[in-house]
Amino acid sequence: LSSSTMAEDEEWTLLTRGEPNLSETQDPKLLALETGFQAQLQKCGVSSSALGNYTRALVEIASVLDNRISVLACNALGNDEEMARKMQEEIEKEERQRKEEEEQREQQLFEQFLMTCQLCQKVNNGQDAAGSGTQPLELRNCEHRVCPNCVRAFWSSKELRRQADYTCPLPGCEFGLAEVDVKALLPEQEYERFVDLALQDMDTGNMVKCPMNCGWALELDASSPQTKPPPSSETGIDGKQLTPEAIQHRERYRFRCRRCPDTEFCAKCLTTPYHVGFTCEGYKRYLASRKCRFCGSAVKGDGPTFVKPEDANKKKALRAALAHRFVEVDASKGIEVLREAVRRTDILGNLCESSECRGRASNACQVIRPCGHLCLGVKGEKNCVGCMDERCSGASGQSSTDLCNICWVEELGHAPCVRLECGHVFHHHCIKSKIEARWAGARITFSFIECPLCKKHMKAEVIKDLVNPYIELYATVRAKAEQRLALEGGHTKASELQPSGRYHKQPVDYAMHKFAYYMCFKCKNPYFGGHRSCEVAAGEGEAGREFDASEMICGGCSAMGATSCPTHGSEAIEYKCKFCCSVASWFCWGTTHFCDSCHRKQVDPTHFVHPLARKARMMQFLR
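Residues numbered from 1 in each chain as written. Predicted model: local features only at pLDDT ≥ 70, side-chain atom pairs only at ≥ 80, totals over all residues. Heavy atoms only, no water.

## Some details on the overall build of the protein chain
Right, so step 1: Assigned secondary structure in the protein chain consists of 17 helices and 14 strands.
Right, so step 2: In the protein chain, buried positions account for 35% of the 623 residues.
Right, so step 3: Pairs at least 24 apart in sequence give 47% of the contacts found in the protein chain among residues at least 6 apart. (Helix = DSSP H or I, 4+ residues; strand = E, 2+ residues; numbered from the N terminus. Buried < 20%, exposed > 50% of the residue type's maximum accessible area, 1.4 Å probe, protein only. Contact = heavy atoms within 4.5 Å.)

Now the structure itself:
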């Protein structure tokens, strides 16, 4: 090549540098067009610059054409893809619908199979006219499906002597039925018969079933050795100590069912609950005998409360029997009147010879109710307690078999009772003991005259002599507390009296809760002894605290110097504690006044409470 040709080639390279080259395209037609176009231009003597311009124009035209062709091709391709996608979705939707329809048909066929009895070929999916289920059951042992009606009809035609006779009703199948299948197919009574057959198969003569017919059974071991039981202090249902024979019988025959744990029975006579304190024969005699109306022990028919047949015409014997029944009869009455009294009070003869029962009988009401039951009240009361026998249609409220809510030991029917004005019933001797015990500590409290159930004051005609003095004392202390609250003042802002407080609109109850009152040993009148919060902060409460009542003297009785106030009298005189200047509650040694806290310290020097502990107790009390 000449130098001029080489220079032209370099100029061409410079002109076309950085421009798109048609040789880089993949289309062979464009490549041939480029080659031919360049050759024609060279033959025409076109300069290199013009050739570059033509080449750029050609490249731009080719690029525009390529873009246009690409756009058209993409649009056509996009339309084809959208159509293909829609067709694919329709195909998949039809396939899903077809599968769902096939599954539904298969499910319907399967359900129909489950509801079809293989013996009668009937589809049963409900209940018959009697309300019994008719849906076929798949037997666990042979996996055949039969309805209850076919099974019952099949078994009714057979003689069922053993559990092995309960077999599948399908011809040729000799599989026995599981117990759960029998229970599902048969009514409850027929199922119990099936269970009884199992017990008969196992019965060796020593099988005992639960008397509640729950299906549980046990086998007594007749070969077990009979050992002598150790002595016991337990008592039986008659209130007497268990004999060695009764203990031995209990150890051998008393059982508790495992299926119904509340059932305790005798495995020999099947009595429930077990007759503690008796053998089976002795319990039968006990049931047939008379029983003491207080303790329940057996009463001999020839006891002092009864008249022997040969003494029926003897006034002395009739009067003796009535006297033992604590029935008062005019001695001048004729024998006919005495006989009628003995006959009418026959139920009062159910009395044992123990001193406790006879003492209770002497205080018991002797009224026989129209229903035939004895009144459980106290002798001489105007208003009877009423019938409390739970078997009587006239019984209401508490029953004679309920425990007394004061002693929590004996039933109400074991002693004369009192029905309070609030309607609750308690033993008369329990109420008497509760009232006579009064308050537990040095400070006067009135919980002992409150009904244990409703917290109202205990009031009744037969206990008015016991309770009225303390009700009057309550009114006196309440009046003093109200006066003290008004005297101190400043209580209107107390949290206990606010709408959310415990004593809202009850200032007197608040005063009874806030102040402590004590009984003067000399004048027997209540006197103010400080705040209860001081008592709580000082240490332990009143329960179980020992104190000397002779040291509890009011300000008037312990006055040294001034014995009376000309305005308020001696009752308003108060002394301060010699050691802390609090209101004194105690007067010791005839010379010294103590508050409750300091008095405890001088009685027991070890009784010291840290100030922080005292403050914590006081805050807890105020809350």
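## A short note on the pairing of strand S12 (residues 526-531)
Right, so step 1: For S12, the tally of buried residues reaches five of six residues, placing the bulk of the element in the interior.
Right, so step 2: Here four bridges tie strand S11 (residues 515-519) to S12, and the two strands are oriented antiparallel to one another. Bridging from a neighbouring strand, Tyr-517 pairs with Phe-528 of S12. (Pairing = 2+ DSSP bridges.)

## Remarks on unusual backbone geometry
Keep in mind that most residues, glycine aside, have a negative phi and that most peptide bonds are trans.
Right, so step 1: Along the chain, Thr-272 connects to Pro-273 via a cis peptide bond; the corresponding omega equals -5°.
Right, so step 2: With a phi close to 55°, Trp-408 is a non-glycine residue in the positive phi region.
Right, so step 3: Here Trp-408 shows up in the loop between helix H11 (355-362) and strand S9 (417-419).
Right, so step 4: Take Trp-408: its relative accessible area is 54%, and that puts it in the exposed class.
Right, so step 5: Within the chain, Lys-455 stands out as a residue other than glycine whose phi angle is a positive 65°.
Right, so step 6: The class of Lys-455 is exposed, set by a relative accessible area of 53%.

## Some remarks on the environment of Tyr-283
Right, so step 1: With respect to the helices and strands, the residue Tyr-283 is situated in helix H8 (residues 280-288).
Right, so step 2: Sequence-wise, Tyr-283 and Thr-271 are twelve residues apart; in three dimensions their C-alpha atoms are separated by 9.8 Å.
Right, so step 3: Not counting chain neighbours up to four residues away, the residues in contact with Tyr-283 comprise Ile-237, Thr-271, His-275 and Phe-278.

## Re the nonpolar core
Right, so step 1: In this structure, Leu-420, Ile-431, Ile-463 and Leu-473 are the most contacted members of the largest nonpolar core, which totals 41 residues.
Right, so step 2: Contributing elements (two or more residues each) for this core: S9, strand S10 (425-427), helix H12 (428-437), helix H13 (464-488), helix H14 (507-514) and S11.
Right, so step 3: The greatest single-element share of this core, amounting to seven residues, is contributed by H13.
Right, so step 4: Look past the residues within four positions of Leu-420 in its chain and what remains in contact with it is Phe-426, Ile-431, Cys-451, Met-458, Lys-459, Ala-460 and Ile-463.
Right, so step 5: Grouped together as the second largest cluster of nonpolar side chains are 21 residues, Val-146, Leu-185, Leu-186 and Phe-194 included. (Core = buried A, V, L, I, M, F, W, Y, C linked by side-chain atoms within 4.5 Å.)

## Overview of the packing of H12 against H13
Helices that pack against each other are described as a pair by the angle of their axes relative to one another and the distance between those axes.
Right, so step 1: With their axes 10 Å apart at the nearest point, H12 and H13 run at an angle of 30° to one another. Two packed elements cross with a definite hand, and for H12 against H13 that hand is left-handed. Seen from H12, the contacting residues are Lys-432, Ile-435 and Glu-436; seen from H13, they are Leu-466, Val-467 and Tyr-470.
Right, so step 2: Here the contact of H12 with H13 is built from residues that sort into four nonpolar, no polar and two charged. (Axes fitted to C-alpha atoms, helices over the stretch in contact; angles between N-to-C directions. Left-handed = near helix turned anticlockwise from the far one by under 90°. Nonpolar A, V, L, I, M, F, W, Y, C, P; charged D, E, K, R; others polar.)

## Structural notes on a negative patch on the surface
Right, so step 1: There is a patch of like negative charges on the surface, built from Glu-100, Glu-101, Glu-103 and Glu-106.
Right, so step 2: For Glu-100, the location among the structural elements is in helix H3 (residues 48-114). (Patch = residues over 30% accessible without salt bridge, like charges linked within 9 Å, V, L, I, M, F, W, Y side chains within 5 Å. Areas by Shrake-Rupley, 256 points an atom, 1.4 Å probe, with all protein chains shown as cover. Salt bridge = Lys/Arg side-chain N within 4 Å of Asp/Glu carboxyl O. Lys, Arg positive; Asp, Glu negative; His and termini not counted. Charge placed at Lys NZ, Arg CZ, Asp CG, Glu CD.)

## Looking at the side chain of His-427
Right, so step 1: In this fold, His-427 is placed in strand S10.
Right, so step 2: Apart from the residues within four sequence positions on either side, His-427 is in contact with Cys-404, Cys-407, Glu-410, Glu-411, Leu-412, Ala-415, Pro-416 and Cys-417.

## Here's the deal with the confidence of the model for the protein chain
Right, so step 1: Model confidence for the protein chain is summarised by a mean pLDDT of 77, while 79% of its residues fall at 70 or above.
Right, so step 2: Here helix H1 (residues 3-16) stands out as the element of the protein chain with the lowest mean pLDDT, 45, in contrast to S10, whose mean of 94 is the highest. (pLDDT = per-residue confidence, 0-100.)

## Thoughts on the pattern of salt bridges
Pairs can form between side chains of opposite charge whenever their charged atoms are close.
Right, so step 1: Applying the stated criterion across every chain yields a total of 17 salt bridges.
Right, so step 2: A salt bridge links Arg-339 to Glu-336; the nearest nitrogen and oxygen atoms lie 3.0 Å apart. Placement of both Arg-339 and Glu-336 in helix H10 (residues 335-344) is noted, with a separation of three residues, approximately one turn of the helix.
Right, so step 3: Residue Arg-339 is classed as partly exposed on the basis of its relative accessible area, which comes to 30%.
Right, so step 4: With a shortest N-O distance of 2.9 Å, Glu-356 and Arg-360 are connected by a salt bridge. Here Glu-356 pairs with Arg-360, and both are found in helix H11, just four residues apart, close to one helical turn.
Right, so step 5: Relative accessible area serves as the criterion here: at 14%, Arg-360 is assigned to the buried category.
Right, so step 6: Through salt bridges with shared partners, one network takes in Glu-95, Arg-98 and Glu-102.

## Section: the pairing of S11
Right, so step 1: Within S11, five of the five residues are buried, leaving the element largely enclosed by the surrounding structure.
Right, so step 2: The two faces of S11 match: Phe-515, Tyr-517 and Met-519 on one face and Ala-516 and Tyr-518 on the other face are all buried.
Right, so step 3: Turn length for the S11-S12 hairpin, with the two strands adjacent in sequence and antiparallel, is six residues, and the turn residue Lys-524 shows positive phi of about 60°.

## Here we look at a nonpolar patch on the surface
Right, so step 1: Taken together, the side chains of Ile-61, Leu-65 and Ile-69 present a nonpolar region at the surface, about 300 Å² in accessible area.
Right, so step 2: Examined against the element boundaries, Ile-69 turns out to sit in helix H3.

## Quick look at H8
Right, so step 1: Taken as a whole, H8 has its buried residues at Cys-280, Gly-282, Tyr-283 and Tyr-286. The arc enclosing the buried residues of H8, seen along the axis, measures out at 155°, which places them on a common side. Away from its buried face, by an angle of more than 90 degrees, H8 presents the exposed residues Lys-284, Arg-285 and Ala-288. (Arc of directions from axis to C-beta.)

## Some thoughts on H12
Right, so step 1: All of the buried residues in H12 are His-428, Cys-430, Ile-431 and Ile-435. Projection of H12 onto a plane perpendicular to its axis shows the buried side chains occupying an angular sector of 165°, all on one side.
Right, so step 2: Its buried side turned inward, H12 meets S9, S10 and H13.

## Points about the packing of aromatic side chains
Right, so step 1: A complete count under the given rule lists eleven aromatic pairs for this structure.
Right, so step 2: Judged by centre distance (5.6 Å) and plane angle (85°), the ring pair of Phe-515 and Phe-528 falls under edge-to-face. One end of the pair, Phe-515, is in strand S11; the other, Phe-528, is in strand S12, and 13 residues separate them in sequence. As far as burial versus exposure is concerned, Phe-515 and Phe-528 are alike and both buried.
Right, so step 3: A connected cluster of aromatic rings, assembled from ring pairs, spans Phe-278, Tyr-283 and Tyr-286.
Right, so step 4: The ring of Tyr-286 carries the charged tip of Lys-291 above its face, separated from the ring centre by 4.8 Å.
Right, so step 5: Here the basic side chain of Arg-484 rests over the ring of Phe-528, its NZ or CZ set 4.0 Å away from the ring centre. (Phe/Tyr/Trp six-rings, centres within 6.5 Å; stacked < 30°, edge-to-face > 60°. Lys NZ or Arg CZ within 6 Å of the ring centre and 35° of its normal.)

## A short note on the environment of Phe-547
Right, so step 1: Position of Phe-547 among the secondary structure elements: in the loop between helix H15 (532-538) and strand S13 (586-588).
Right, so step 2: When the C-alpha positions of Phe-547 and Gly-441 are compared, they lie 7.9 Å apart, and in sequence the two are 106 residues distant.

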